[in-house]
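Given next are the chains, with one letter for each unit.
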Amino acid sequence: MEKWSLMSIAVLLALTVRWAVSLGSYSGAGKPPMYGDYEAQRHWQEITYNLPIRQWYFNTSDNNLLYWGLDYPPLTAYHSFVCAYIAKLINPDWVALHTSRGYESQPHKLFMRTTVFVADLLVYIPAVVLYCFSLKETSAKKKASTCALCILLYPGLILIDHGHFQYPLSLGLALWAVLCLSHDWDLLGSVAFCLALNYKQMELYHSLPFFCYLLGKCFKKGLKGKGLVLLAKLAGTVLLSFAACWLPFGTDVEQIMQVLRRLFPIDRGLFEACMFSSPTHCPDKVANIWCSLSVLIKIKNVISPRTQLKLSFAVTFLSLLPACIKITVQPSLRGFKFALVSCALSFFLFSFQVHEKSILLVSVPVCLIINEIPFMATWFLLVSTFSLLPLLLKDGLLLAYAVTTPAFLAVCLASFSILEKTSAEDLQLKAFSLSLKGYASWFKSFPRIARSLFLLSLSLMGVLSVLSAAVPPPQSLPDLFPVAVAAVSCLHFLLFLVYFNVVLLWDSKNRGQKKVS
């Protein structure tokens, strides 16, 4: 009972923070004609409720795809339909075809915010709670609840879901998939991940670690015996899961092709809305390598869209390869979690059409290893929240950012004493340090260096946050501070990518992991 009491307190505190953030502004509030992501979600409810399924993804007189046309997989559309059905019962004006465009009112805001709360309560939060209870390293009652509290208070996800406006369902389903795999429920885990992927195509960031880990388990069991049976079961499970999600579209090949065209609009080129191609305006700032390089080299003007796609694919693939090979050859749950982080970060830094919110696809897997490397995990999560600053300022979420971020740092300091967890062993670099025999003495001063870099990083992020919020930029450089935020964040992420790959590739012991048999 005591462990549930502590966990209940952690969950209530996390819900209170979410409620407080939800009282503030949201994406595009009062900003016609396009408004923002809040209006996009409302519009999808309008479309899915009033139009037949065959028209959801097609441009028609009733469905202008240039105005927040559906561009997510079928499960998002089904979820929008369910929300719309409830909205219709409360107030038909909220989802009336055409006339509800740009609808804004306090009752409607309460309804929309409540739908996010429900998604959190039903999918994401239970997965976090059960995951923390399942951790062997956190068997103590206090440890499980404090680990859950740190994960649930991660400000990036709170500010985007309950501030900017977004549903946590795809990340929650992916977390359920990880939880199932940690208990060797591979088929259930496959179903959960297929649902996540069919809710948001960005879950492709996590697809290779899932594929390689499960394939590695099949190899370990032997492809002439149990491994082949498991492989066949997994393949059947994936096919049935996708068939169930796409069933309403499966009768028409053109329907399927149109949905795919909406999900993967490759003709847009390498960039989504992050392109630093205009000297006077930059609408969205993404802390990946392409947007950062475009400050110096106008990639859009130098390379054709098709070549951009090929270049992005090649660099992303090469950066993913080491982690994928590692967990295929040596599958372990610990390696799988680190591969989720490494591969998602590679996708974010190098892949095609990245949005700044996609950093959450890296951050949630980092949350899963916060008990193992609390210092580096906390540092990464702070940087990931900082990278969202231009978007948060645009949405009027400065106060929420300024409160939740230091609060999260304080909770991590109190829960894990992170400044004391900076030795090579604490950072899981012991094996790597032993391989550098000639430089072993350098690692003796590593804890002090790590703490100094951390404090320097915090100071830099703090200064840039204050400047972005309080100081007007020069007229000749209107995007100076957003570009600086993106560049600083990108540099951090590149270094984190190296670190996570080193930890994964030099891990031969698979500490605390069950051997796959």
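Keep in mind the model is a prediction, meaning the values are calculated, not measured. (Residues numbered from 1 in each chain as written. Predicted model: local features only at pLDDT ≥ 70, side-chain atom pairs only at ≥ 80, totals over all residues. Heavy atoms only, no water.)

The helix and strand tally for the protein stands at 21 helices and zero strands. The C-alpha radius of gyration of the protein comes to 23 Å, within 12% of the 24 Å expected for a compact globule of 517 residues. Taking all 517 residues of the protein together, 55% fall into the buried category. Considering only contacts within the protein whose residues lie at least 6 apart along the sequence, 77% involve residues at least 24 apart. Across the protein, the centroid of the 43 positively charged side chains sits 10 Å from that of the 27 negatively charged ones. (Helix = DSSP H or I, 4+ residues; strand = E, 2+ residues; numbered from the N terminus. Rg over C-alpha atoms; globule rule 2.2 N^0.38 Å. Buried < 20%, exposed > 50% of the residue type's maximum accessible area, 1.4 Å probe, protein only. Contact = heavy atoms within 4.5 Å. Lys, Arg positive; Asp, Glu negative; His and termini not counted. Charge placed at Lys NZ, Arg CZ, Asp CG, Glu CD.)

Along the polypeptide, Ser22 turns up in helix H1 (residues 2–22). Sequence separation between Ser22 and His162 is 140 residues; the distance between their C-alpha atoms is 5.0 Å. Discounting residues that sit within four places of it in the chain, Ser22 has contacts with Lys109, Arg113, Phe117 and His162.

What follows deals with the nonpolar core. Residues Phe348, Phe380, Phe493 and Phe500 are the most contacted members of the largest nonpolar core, which totals 121 residues. Top contributing element to this core by residue count: helix H14 (residues 333–350), with 13 residues. When sequence neighbours within four positions are dropped, the list of residues in contact with Phe380 reads Leu345, Ile359, Val362, Ser363, Val366, Phe493, Phe496 and Phe500. Formed by 34 residues, the second largest nonpolar core is a distinct cluster that contains Tyr38, Cys83, Val95 and Val116. (Core = buried A, V, L, I, M, F, W, Y, C linked by side-chain atoms within 4.5 Å.)

Ring pairs (aromatic) are described by centroid distance and by the angle formed between their planes. Considering all chains together, one arrives at 26 aromatic pairs under this definition. Pairing Phe313 with Phe317 gives two aromatic rings, centres 6.1 Å apart and planes at 15 degrees, and the pair type is stacked. Of the two residues, Phe313 and Phe317 are both situated in helix H13 (residues 305–329); the distance of four residues between them amounts to about one turn of the helix. Residue Phe313 is classed as exposed on the basis of its relative accessible area, which comes to 59%. With relative accessibility at 42%, the residue Phe317 sits in the partly exposed group. Measuring from ring centre to ring centre gives 5.5 Å for Trp379 and Phe454, while their planes differ by 85 degrees; the resulting arrangement is edge-to-face. (Phe/Tyr/Trp six-rings, centres within 6.5 Å; stacked < 30°, edge-to-face > 60°.)

All right, on to helix H15 (residues 360–368) then. Each α-helix winds once per 3.6 residues, and so residues spaced three or four apart point in a common direction. With respect to burial, H15 is a largely interior element, nine of its nine residues being buried. Buried within H15 we find Leu360, Leu361, Val362, Ser363, Val364, Pro365, Val366, Cys367 and Leu368.

For the rest of this paragraph, the subject is the confidence of the model for the protein. Should pLDDT be low for a region, the predicted coordinates there are not to be read in detail. Residue-level pLDDT values for the protein average 90, and 91% of them are 70 or greater. For the stretch residues 273–284, pLDDT sits under 50, and the model shows 29 contacts to residues farther than four places along the chain or on other chains. (pLDDT = per-residue confidence, 0-100.)

Below, the discussion takes up the side chain of Glu203. Among the structural elements, Glu203 can be located in the loop between helix H8 (186–197) and helix H9 (204–246). No salt bridge is formed by the buried Glu203; its nearest oppositely charged neighbour, Lys200, is found at 8.3 Å. Residues in contact with Glu203, not counting those within four places in the same chain, are Ser170, Leu171, Ala174, Phe193, Ala196, Leu197 and Leu361. (Salt bridge = Lys/Arg side-chain N within 4 Å of Asp/Glu carboxyl O.)

What follows is about the pattern of salt bridges. Taken as a whole, this structure holds 10 salt bridges when the rule is applied. In this structure, the salt-bridge partner of Lys217 is Asp186, at a minimum N-O distance of 3.0 Å. Linking Lys217 in helix H9 with Asp186 in helix H8, this pair joins segments that are 31 residues apart in sequence. Among the ionic pairs, Glu254 bridges to Arg261, the shortest N-O distance being 2.6 Å.

Their axes nearest at 9 Å, the elements helix H4 (residues 106–134) and helix H7 (residues 169–182) cross at an angle of 30 degrees. Between H4 and H7, the angle falls in the class roughly parallel. Regarding H4 and H7, the two cross each other, and that crossing is left-handed. From H4, Ala119, Val123, Tyr124, Pro126, Ala127, Val128, Leu130, Tyr131 and Ser134 reach across to H7, where they touch Leu169, Leu171, Gly172, Leu173, Leu175, Trp176, Val178 and Leu179. Residue classes in the contact of H4 with H7 are distributed as 15 nonpolar, two polar and no charged. (Axes fitted to C-alpha atoms, helices over the stretch in contact; angles between N-to-C directions. Parallel < 35°, antiparallel > 145°, perpendicular 65-115°, else oblique. Left-handed = near helix turned anticlockwise from the far one by under 90°. Nonpolar A, V, L, I, M, F, W, Y, C, P; charged D, E, K, R; others polar.)

Attention now moves to the state of the cysteines. Enumeration according to the criterion identifies zero disulfides in this entry. With no disulfide of its own, Cys83 lies closest to Cys245 among cysteine sulfurs, the gap being 17 Å. Considering cysteine sulfurs only, Cys343 is the nearest to Cys324, which forms no disulfide, with 4.0 Å between them. Classification of Cys324 as buried rests on a relative accessible area of 8%. (Disulfide = S-S within 2.5 Å.)

On the surface, Phe81, Val82, Tyr85, Ile86, Leu89 and Ile90 cluster together to form a nonpolar patch covering roughly 590 Å² of accessible area. Inspection of the secondary structure assignment puts Leu89 in helix H3 (residues 74–90). Since its relative accessible area comes to 63%, Leu89 is described here as exposed. (Patch = residues over 30% accessible without salt bridge, like charges linked within 9 Å, V, L, I, M, F, W, Y side chains within 5 Å. Areas by Shrake-Rupley, 256 points an atom, 1.4 Å probe, with all protein chains shown as cover.)

Direction vectors running N to C along H7 and H9 enclose 15 degrees, while the axes themselves pass 12 Å from each other. Considering their axes alone, H7 and H9 lie roughly parallel with respect to each other. As for the relative orientation of H7 and H9, their crossing is left-handed in sense. Where H7 approaches H9, its residues Leu171, Ala174, Ala177, Val178 and Leu181 are matched on the opposing element by His206, Phe210, Tyr213 and Leu214. Looking at the contact of H7 with H9 residue by residue, the classes come out as eight nonpolar, one polar and no charged.

Now for the side chain of Ser351. Mapped onto the fold, Ser351 is located in the loop between H14 and H15. The class of Ser351 is buried, set by a relative accessible area of 8%. In terms of polar contacts, Ser351 uses its side chain to reach the backbone carbonyl oxygen of Phe347, at 2.4 Å. (Polar contact = N/O pair within 3.5 Å; in protein donor to acceptor, adjacent residues only side chain to side chain.)

Mapping Cys343 onto the fold places it in helix H14. Measuring from C-alpha to C-alpha, the distance between Cys343 and Gly28 comes to 32 Å, with 315 residues separating the pair along the chain. Not counting residues up to four positions away in its chain, the partners in contact with Cys343 are Tyr205, Pro209, Leu320, Ala323 and Cys324.

Among the secondary structure elements, Gly30 is positioned in the loop between H1 and helix H2 (37–50). Residues Gly30 and Ala148, 118 residues apart in the sequence, show an inter-C-alpha distance of 36 Å. Contacts of Gly30, omitting those with residues within four sequence positions, involve Tyr35 and Glu104.

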